Amino acid sequence: MTDISLVASSLVALSPRALYALRDRVGAPALQEAGYAAGEGAYRAFAAWLPSVAGVEDPKELAVPRLAEVLSRFFSSLGWGTVEVNTQGDATFAVDSMNWPEAQPDAGLQYPSCYFTSGLLADFMTRIADAGLAVMEVECRSRNDHRCRWLVGSPETLTSLYQHMAQGADYRTVLGTA
C-alpha cells in the first residue's frame, strides 16, 4: 500500500456530512469555486504520490487506461471513493463513481449536486491535460441515479451539451453514446 502521508500533509479532510452542510448553506457556486481552488493542491499531491505508485514523474506520461486506474487508487486512498474513466463520444470523457462521498444517496435532489467535486475535477484535469477543460456532472446519486458521472471536455463542448440538455435532450443521445 502506498504511503498516504505523501499527500496528507497538503490536503484537509472533510466528512461527507460537512460537504452536505456546505452545499445546503453556501450553495452551488461557492462550493464549486472552493472545489476549483482545491484542485491545485489535489494535483500537487497526486504528482508527489505518483512516482511511488506508477513509476512516472509526470501525470502526462500516463496513458489513459493507466491514468484511470491510478486516479481511482489516488482518490480511494484519500477516502473519496473509486472512479472509472472512459471516453464518451469524440470530445469528452466521463469520470464515474458508484461510491463518491459528496453524493447524498436518497436525498431526492432534482439536480446533480456534487459541486465541490465538479470544481475540483475541472482544475485537476486541466492541470493533467495542460489545457483548459470543463466538468459537468450529469448523473448523481443525490438525485437517485445509480452513480455519479462527471463529463470532462472543452468548455465549448460542454456548453453546447448543456444547451441541448436544457432543451430536454439526453446527454448520451447528444454525445452519440446512447
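These numbers were taken from a predicted model, which means no experiment stands behind them. (Residues numbered from 1 in each chain as written. Predicted model: local features only at pLDDT ≥ 70, side-chain atom pairs only at ≥ 80, totals over all residues. Heavy atoms only, no water.)

Trainee: What exactly am I supposed to notice about the overall build of the chain here?
Mentor: Of the regular secondary structure elements, the chain holds seven helices and four strands. In sequence order, the chain lays out its α and β elements as α-α-α-α-β-β-α-β-β-α-α. Relative to the 2.2 N^0.38 estimate, which gives 16 Å for 178 residues, the radius of gyration of the chain is 16 Å and therefore close to what a compact globule would have. In terms of principal-axis extent, the alpha carbons of the chain reach across some 45 × 35 × 25 Å. The buried share of the chain, taken over its 178 residues, is 43%. Here the contacts in the chain between residues at least 6 apart in sequence split such that 59% fall between residues at least 24 apart. Carbon together with sulfur atoms contributes 53% to the accessible area of the chain, which is approximately 9100 Å² in total. (Helix = DSSP H or I, 4+ residues; strand = E, 2+ residues; numbered from the N terminus. Rg over C-alpha atoms; globule rule 2.2 N^0.38 Å. Buried < 20%, exposed > 50% of the residue type's maximum accessible area, 1.4 Å probe, protein only. Contact = heavy atoms within 4.5 Å. Areas by Shrake-Rupley, 256 points an atom, 1.4 Å probe, with all protein chains shown as cover.)

Trainee: Where do I start with the nonpolar core in this structure?
Mentor: Inside soluble globular proteins, nonpolar side chains tend to come together where they are buried. One finds F46, L71, F75, F124 and M125 to be the most contacted residues of the largest nonpolar core, which totals 38 residues. Where this core is concerned, the elements lending two or more residues are helix 3 (28-54), helix 4 (64-77), helix 5 (115-129) and strand 4 (148-153). Ranked by residue count, the leading element in this core is helix 3, at nine residues. Counting residues in hydrophobic clusters, the runner-up holds nine residues, among them L151, L161, Y171 and L175. (Core = buried A, V, L, I, M, F, W, Y, C linked by side-chain atoms within 4.5 Å.)

Trainee: Quick question: what am I supposed to make of the pairing of strand 4 here?
Mentor: Within a regular beta strand, the side chains point alternately toward one face of the sheet and then the other, so they alternate between its two faces. Most of strand 4 is tucked away: six of the six residues are buried. Residues of strand 4 alternate between two faces, with C148, W150 and V152 on one and R149, L151 and G153 on the opposite face, all of them buried. Across six bridges, strand 2 (residues 92-97) lies against strand 4 in antiparallel orientation. Bridge pairing in strand 4 places S97 opposite C148. Summarising the sheet, strand 3 (residues 134-139) and strand 4 pair through five bridges and their orientation is antiparallel. Bridge pairing links E139 to R149 in strand 4. (Pairing = 2+ DSSP bridges.)

Trainee: How should I be thinking about the packing of helix 3 against helix 5 in this particular structure?
Mentor: Any two packed helices are characterised by the angle at which their axes cross and by the distance between the axes. Orientation of helix 3 relative to helix 5, taken along the N-to-C sense of each, is 40°, at an axis distance of 6 Å. Between helix 3 and helix 5, the interaxial angle falls into the category oblique. Note that helix 3 runs across helix 5; the crossing there is right-handed. In this structure, helix 3 contributes A28, L31, Q32, A34, G35, Y36, A38, G39, E40, A42, Y43 and F46 to the contact, and helix 5 contributes Y115, F116, S118, G119, L120, A122, D123, F124, R127 and I128. Per-class residue counts for the contact of helix 3 with helix 5 are 14 nonpolar, five polar and three charged. (Axes fitted to C-alpha atoms, helices over the stretch in contact; angles between N-to-C directions. Parallel < 35°, antiparallel > 145°, perpendicular 65-115°, else oblique. Left-handed = near helix turned anticlockwise from the far one by under 90°. Nonpolar A, V, L, I, M, F, W, Y, C, P; charged D, E, K, R; others polar.)

Trainee: Can you walk me through the packing of helix 4 against helix 5 in this structure?
Mentor: Close contact between helix 4 and helix 5 brings their axes to 14 Å; oriented N to C, the two are set at 135°. Put simply, helix 4 runs oblique to helix 5. Of the two elements, helix 4 crosses helix 5, and the hand of that crossing is right-handed. Along the contact surface, helix 4 presents L67, L71, F74 and F75, while helix 5 presents L120, L121, F124, M125 and I128. Looking at the contact of helix 4 with helix 5 residue by residue, the class counts come to nine nonpolar, no polar and no charged.

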